[in-house]
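Each chain is listed here by its residues.
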Amino acid sequence: MATNRTFTMIKPDAVEANNIGSILAMMTEAGFKVVGLKYTQLSEAQAGKFYEVHSARPFYGELVEFMSRGPIVAAILEKDNAVEDFRKLIGATNPAQAEEGTIRKRFAKSIGENAVHGSDSDENAEIEGNFFFSQLERF
Ligand code: CMP
């Protein structure tokens, strides 16, 4: 059954560039309600675990290093059709292919340092939200 929640991270590149506020504003202006929010930093082990599904990819080491190099903002967002609508809002993984008006078009630097993460399925939204948030931390 489709759920109405998705999970996102504002990645270290976007935090370093002082874009937390602008990115959260794009999310809420697009109709997403913040139901969980956390400012934290992943250890290399935690980043490796979060992105374990990509462990065989050539960019895995680079991805783990990047995602643990500084703080991130993790959030659970609520909206009808959340996963699909949020993927549209963030745009293509590679910002060179992202459409105008998307978060990655505006803020991402490269395919690796691409400003935000968005869950790719309801199942992964649940898994990824549980990675960061207890039941007491979501509303
Ligand atoms: P994300 O949507 O968080 O999911 C997996 C991440 O791996 C992706 O965003 C990028 O940050 C990273 N990634 C995907 N493809 C590449 C690539 N070709 N080179 C480097 N990093 C990549």
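Since the model is a prediction, treat every value here as computed from it, not as a measurement.

(A) Summary view of the packing of aromatic side chains. Within the structure shown, the criterion is met by seven aromatic pairs. For the ring pair phenylalanine 50 and phenylalanine 131, a centre distance of 5.3 Å and an interplane angle of 80° mean the geometry is edge-to-face. Within this pair, whereas phenylalanine 50 is found in helix H3 (residues 44-50), its partner phenylalanine 131 is found in helix H7 (residues 122-132), the two being separated by 81 residues in sequence. When its relative accessible area of 10% is taken as the criterion, phenylalanine 50 is described as buried. Cluster of aromatic residues (ring-pair linked, three or more members): Phe7, Phe50, Tyr51, Phe131 and Phe132. Seen from the ring of phenylalanine 133, lysine 38 lies directly overhead, with NZ or CZ sitting 5.2 Å from the centre.

(B) Local environment of the site of the ligand. Lining the immediate surroundings of the ligand are Lys11, Tyr51, His54, Phe59, Glu62, Leu63, Thr93, Arg104, Ile111, Gly112, Asn114 and His117. One nitrogen or oxygen atom from the side chain of tyrosine 51 is found 2.7 Å from an oxygen atom belonging to the ligand. When isolated, the ligand has an accessible area of 460 Å², and the protein chains bury 82% of it. Among the cavities detected, the one that contains the ligand is the largest pocket. Considering only residue class, the shell around the ligand consists of four nonpolar, five polar and three charged.

(C) Molecular detail of the environment of glutamate 44. Within the fold, glutamate 44 resides in helix H3. Linking glutamate 44 and isoleucine 90, residues 46 residues apart in sequence, is a C-alpha distance of 25 Å.

(D) Highlighting the sheet that holds strand S1 (residues 5-10). The four strands are arranged S2-S3-S1-S4 in an open sheet whose pairing can be described as antiparallel. With partners counted over all chains shown, the strands left at the sheet margins are strand S2 (33-40) and strand S4 (116-118), one partner each. Across the sheet, the mean angle from the axis of one strand to that of its neighbour is 15°, orientation sign disregarded. Both S1 and S4 contribute to a ladder of three bridges, which runs antiparallel. Of the residues in S4, the one forming a bridge with threonine 8 is glycine 118.

(E) Quick look at the side chain of threonine 102. Its place among the elements puts threonine 102 in the loop between helix H5 (82-90) and helix H6 (103-107). Here threonine 102 falls in the buried class, since its relative accessible area comes to 6%. There is a polar contact of 2.6 Å between the side chain of threonine 102 and the backbone oxygen of glutamate 99. Only 3.2 Å separates the side chain of threonine 102 from the backbone nitrogen of lysine 105, close enough to count as a polar contact. Leaving out residues up to four positions away in the same chain, threonine 102 has contacts with Met26, Lys88, Leu89, Ile90 and Gly91.

(F) Structural context of the pairing of S1. S1 sits mainly inside the fold: five of its six residues count as buried. Inspection of the sheet shows S1 paired to strand S3 (residues 72-78) by six bridges, in the antiparallel sense. Bridging from a neighbouring strand, threonine 8 pairs with alanine 75 of S3.

Cut-offs and rules
- Residues numbered from 1 in each chain as written.
- Predicted model: local features only at pLDDT ≥ 70, side-chain atom pairs only at ≥ 80, totals over all residues.
- Heavy atoms only, no water.
- Phe/Tyr/Trp six-rings, centres within 6.5 Å; stacked < 30°, edge-to-face > 60°.
- Helix = DSSP H or I, 4+ residues; strand = E, 2+ residues; numbered from the N terminus.
- Buried < 20%, exposed > 50% of the residue type's maximum accessible area, 1.4 Å probe, protein only.
- Lys NZ or Arg CZ within 6 Å of the ring centre and 35° of its normal.
- Near = heavy atom within 4 Å.
- Polar contact = N/O pair within 3.5 Å; in protein donor to acceptor, adjacent residues only side chain to side chain.
- Areas by Shrake-Rupley, 256 points an atom, 1.4 Å probe, with all protein chains shown as cover.
- 1 Å grid on protein atoms, 1.4 Å probe; cavity = no way out; pocket = protein on both sides within 12 Å on 5 of 7 lines; lining within 4 Å.
- Sits in = over half its atoms within 2 Å of the grid points.
- Nonpolar A, V, L, I, M, F, W, Y, C, P; charged D, E, K, R; others polar.
- Pairing = 2+ DSSP bridges.
- Axes fitted to C-alpha atoms, helices over the stretch in contact; angles between N-to-C directions.
- Contact = heavy atoms within 4.5 Å.

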